[in-house]
Amino acid sequence: VMRVHANGQANILQFLFLGALFVQVGGSGLEAQVLFGAFTAMRILYTIVYMVGVQPWRTITFIIGVLTTVALLIEVLRYLYM
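Note that the coordinates shown come from a computational prediction; the quantities given were computed from them, not determined experimentally.

**Overview of helix H1 (residues 2–24)**
The end-to-end C-alpha distance of H1, which contains 23 residues, comes to 33 Å, matching closely the 33 Å that a straight helix rising 1.5 Å per residue would cover. At Gln9, H1 shows its maximal bend, which comes to roughly 25°. Taken together, the buried positions of H1 are occupied by Val4, Gly8, Asn11, Phe15, Leu18, Gly19 and Phe22. Gly26 sits one or two residues past H1 and shows a positive phi near 85°.

If you want it as structure tokens, here you go:
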């Protein structure tokens, strides 16, 4: 449980920071729903599969979560430089 929590802290803080920036730069509501929802769903699934020890789903859910963070970063940069 402690490893799952520690792993989540590193990823969630980055996403929360980018999410706040996305809202501040006036990001689309639909984009926010998709990206925030996908990230949240992947973090919940990641926690479950981590606790159960199911591979490759642990890696897959982690990568999708990271990709949603990258997509959010791209969207923040796109809105900043439009």
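**Digging into unusual backbone geometry**
Cis geometry is adopted by the peptide bond preceding Pro56, which originates at Gln55 and carries an omega value of 5°. Inspection of the secondary structure puts Pro56 in the loop between helix H2 (29–52) and helix H3 (57–80).

**Describing the packing of aromatic side chains**
Tallying each qualifying case throughout the model produces six aromatic pairs. Taken together, a centroid distance of 5.7 Å and an interplanar angle of 85° make the contact between Phe22 and Tyr79 edge-to-face. Of this pair, Phe22 sits in helix H1 while Tyr79 is found in helix H3, placing the two residues 57 residues apart along the sequence. Ring geometry for Tyr46 against Phe62: centres 5.9 Å apart, planes inclined by 50°, an arrangement best described as tilted. Of the two residues, Tyr46 is situated in helix H2 and Phe62 in helix H3; the sequence distance between them amounts to 16 residues. Among the aromatic residues, those joined into a cluster by ring pairs are Phe15, Phe22, Phe36, Phe39 and Tyr79.

**Focus: the packing of H2 against H3**
Interaxial distance between H2 and H3 falls to 8 Å at its minimum, and their mutual angle equals 155°. On the basis of their axis angle, the class for H2 and H3 is roughly antiparallel. The way H2 lies across H3 gives a crossing that is left-handed. Looking at side-chain class alone, the contact of H2 with H3 contains 15 nonpolar, four polar and five charged residues.

**Brief notes about the nonpolar core**
Membership of the largest hydrophobic core is limited to eight residues, which are Phe15, Leu18, Phe22, Ala32, Leu35, Phe39, Leu72 and Val76. Elements that contribute at least two residues to this core include exactly H1, H2 and H3. Beyond its immediate stretch of four places on either side in the chain, Phe39 contacts Asn11, Ile12, Phe15, Gly65, Thr68 and Thr69.

Rules and cut-offs
- Residues numbered from 1 in each chain as written.
- Predicted model: local features only at pLDDT ≥ 70, side-chain atom pairs only at ≥ 80, totals over all residues.
- Heavy atoms only, no water.
- Helix = DSSP H or I, 4+ residues; strand = E, 2+ residues; numbered from the N terminus.
- Expected span 1.5 Å × (residues − 1).
- Bend = angle between axes of the 7 residues up to and from the residue.
- Buried < 20%, exposed > 50% of the residue type's maximum accessible area, 1.4 Å probe, protein only.
- Phe/Tyr/Trp six-rings, centres within 6.5 Å; stacked < 30°, edge-to-face > 60°.
- Axes fitted to C-alpha atoms, helices over the stretch in contact; angles between N-to-C directions.
- Parallel < 35°, antiparallel > 145°, perpendicular 65-115°, else oblique.
- Left-handed = near helix turned anticlockwise from the far one by under 90°.
- Nonpolar A, V, L, I, M, F, W, Y, C, P; charged D, E, K, R; others polar.
- Core = buried A, V, L, I, M, F, W, Y, C linked by side-chain atoms within 4.5 Å.
- Contact = heavy atoms within 4.5 Å.

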